[in-house]
Amino acid sequence: MKKIIFGLAALVLLGTVTANAQDKNVWKSLSDVSYKVSKDNFGELYVPVFSEESKKLEGTVVEADGYIIPFEGMFKPEHIILSSLPLAECFFCGSGGPETVMEVMLTDPIKYTSKRVKVRGKLVLNGNDPEKLMYILKEAKLVSE
């Protein structure tokens, strides 16, 4: 499934709206990504090539706001998918690209809401594991809902 995510990445549109701990728009910074074609045992896949600005954010604490996406019909209160776009436009359901979503590993479980939330955590860039999203927020906490 995640290989499809990288494969569809060539059709990417940029995500918008959010700020990180240094008052930067983290979604805007993360939207600056290109892709190279690679191969594995299953065929071709698109692998992200992160911009220098994104690379500078890796390992730093950032804030991202967005919408919780109920992934594969289930909600895990400590491991969520956050989209910069509303559900109807998100990468899994609509027109957004893979740069508009991130996995968020929370230190404390949260309740599902359809409203916009803000989380803070350490950004990890994933360009190697097609089973994960390319942006992961670890040790995250809910800032506001």
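Relevant structure appears above.
Keep in mind the model is a prediction, meaning the values are calculated, not measured.

Conventions adopted
Residues numbered from 1 in each chain as written. Predicted model: local features only at pLDDT ≥ 70, side-chain atom pairs only at ≥ 80, totals over all residues. Heavy atoms only, no water. Pairing = 2+ DSSP bridges. Helix = DSSP H or I, 4+ residues; strand = E, 2+ residues; numbered from the N terminus. Axes fitted to C-alpha atoms, helices over the stretch in contact; angles between N-to-C directions. Core = buried A, V, L, I, M, F, W, Y, C linked by side-chain atoms within 4.5 Å. Buried < 20%, exposed > 50% of the residue type's maximum accessible area, 1.4 Å probe, protein only. Contact = heavy atoms within 4.5 Å. Phe/Tyr/Trp six-rings, centres within 6.5 Å; stacked < 30°, edge-to-face > 60°. Salt bridge = Lys/Arg side-chain N within 4 Å of Asp/Glu carboxyl O.

A.B. asks: Could you clarify how one ought to interpret the sheet that holds strand S6 (residues 117-125) in this entry?
C.D. replies: With mixed pairing, the 5 strands of this closed barrel are ordered in space as S3-S4-S5-S7-S6. The average undirected angle you get between the axes of adjacent strands in this sheet is 55°. Where strand S3 (residues 61-69) and S6 come together, 6 bridges link them in antiparallel fashion. If you follow Asp65 over to S6, its bridge partner there is Lys118.

A.B. asks: I would appreciate a short explanation of the nonpolar core in the present structure.
C.D. replies: The biggest cluster of nonpolar side chains holds 23 residues, and the ones touching the most others in it are Leu82, Met102, Val104, Leu123, Tyr135 and Leu137. The set of elements that each furnish at least two residues to this core consists of helix H2 (26-31), S3, strand S4 (79-83), strand S5 (101-106), S6 and strand S7 (135-144). In terms of residues, this core owes the most to one element, S6, which gives 4 residues. Contacts of Leu123, omitting those with residues within four sequence positions, involve Leu30, Leu57, Glu58, Gly59, Thr60, Val62, Tyr135, Ile136 and Leu137. Formed by 7 residues, the second largest nonpolar core is a distinct cluster that contains Ile69, Phe71, Ile81 and Val101.

A.B. asks: What is the right way to look at unusual backbone geometry in this model?
C.D. replies: In most cases, non-glycine residues show a negative phi, while peptide bonds are predominantly trans. In the Ramachandran plot, Glu139 falls in the positive-phi region, its phi being about 50° despite a non-glycine side chain. With respect to the secondary-structure elements, Glu139 resides in strand S7.

A.B. asks: How do you make sense of the side chain of Ser54 when you look at a structure like this?
C.D. replies: Structurally, Ser54 can be placed in helix H3 (residues 52-57). Once residues lying within four places of it in the same chain are set aside, the contact partners of Ser54 are Ser29, Leu30, Asp32, Leu125 and Tyr135.

A.B. asks: Mind showing me how you'd approach the packing of aromatic side chains here?
C.D. replies: Between two aromatic rings, the relevant description is the distance of the centres plus the angle of the planes. Under the defined criterion, the tally for this structure stands at 1 aromatic pair. Note on Phe50 and Tyr135: the rings are 5.7 Å apart at their centroids and 50° apart in plane angle, and the pair reads as tilted. Of this pair, Phe50 sits in strand S2 (residues 43-50) while Tyr135 sits in strand S7, and the two are 85 residues apart along the sequence. Overall, the relative accessible area of 0% leaves Tyr135 in the buried class.

A.B. asks: Even after reading the chapter, I still don't get the environment of Pro48, so can you show me in this structure?
C.D. replies: Structurally, Pro48 can be placed in strand S2. In this structure the C-alpha to C-alpha distance between Pro48 and Val37, which are 11 residues apart in sequence, comes to 9.0 Å.

A.B. asks: Would you mind going over the pattern of salt bridges with me for this structure?
C.D. replies: Pairs may arise between side chains of opposite charge once their charged atoms sit close together. For the coordinates displayed, the defined rule picks out 6 salt bridges. For Glu63, the salt bridge is made with Lys118, and the minimal N-O distance between the two is 3.8 Å. You can see Glu63 sitting in strand S3 and its partner Lys118 sitting in strand S6, a full 55 residues away along the chain. Here Glu63 falls in the buried class, since its relative accessible area comes to 11%. One connected set of salt bridges, linked through shared partners, spans Glu63, Lys118 and Arg120.

A.B. asks: Teacher, can you tell me more about the pairing of S5 here?
C.D. replies: Residues in a regular strand point their side chains to alternate faces of the sheet. Counting buried residues in S5 gives 5 out of 6 residues, a clear majority hidden from the surface. Two strands pair when backbone bridges link them, and S4 and S5 are joined in this way by 5 bridges, in the antiparallel orientation. When the sheet's bridge partners are listed, His79 is paired in S5 with Met105. Summarising the sheet, S5 and S7 pair through 3 bridges and their orientation is parallel. Residue pairing in the sheet places Glu103 in a bridge with Ile136 of S7.

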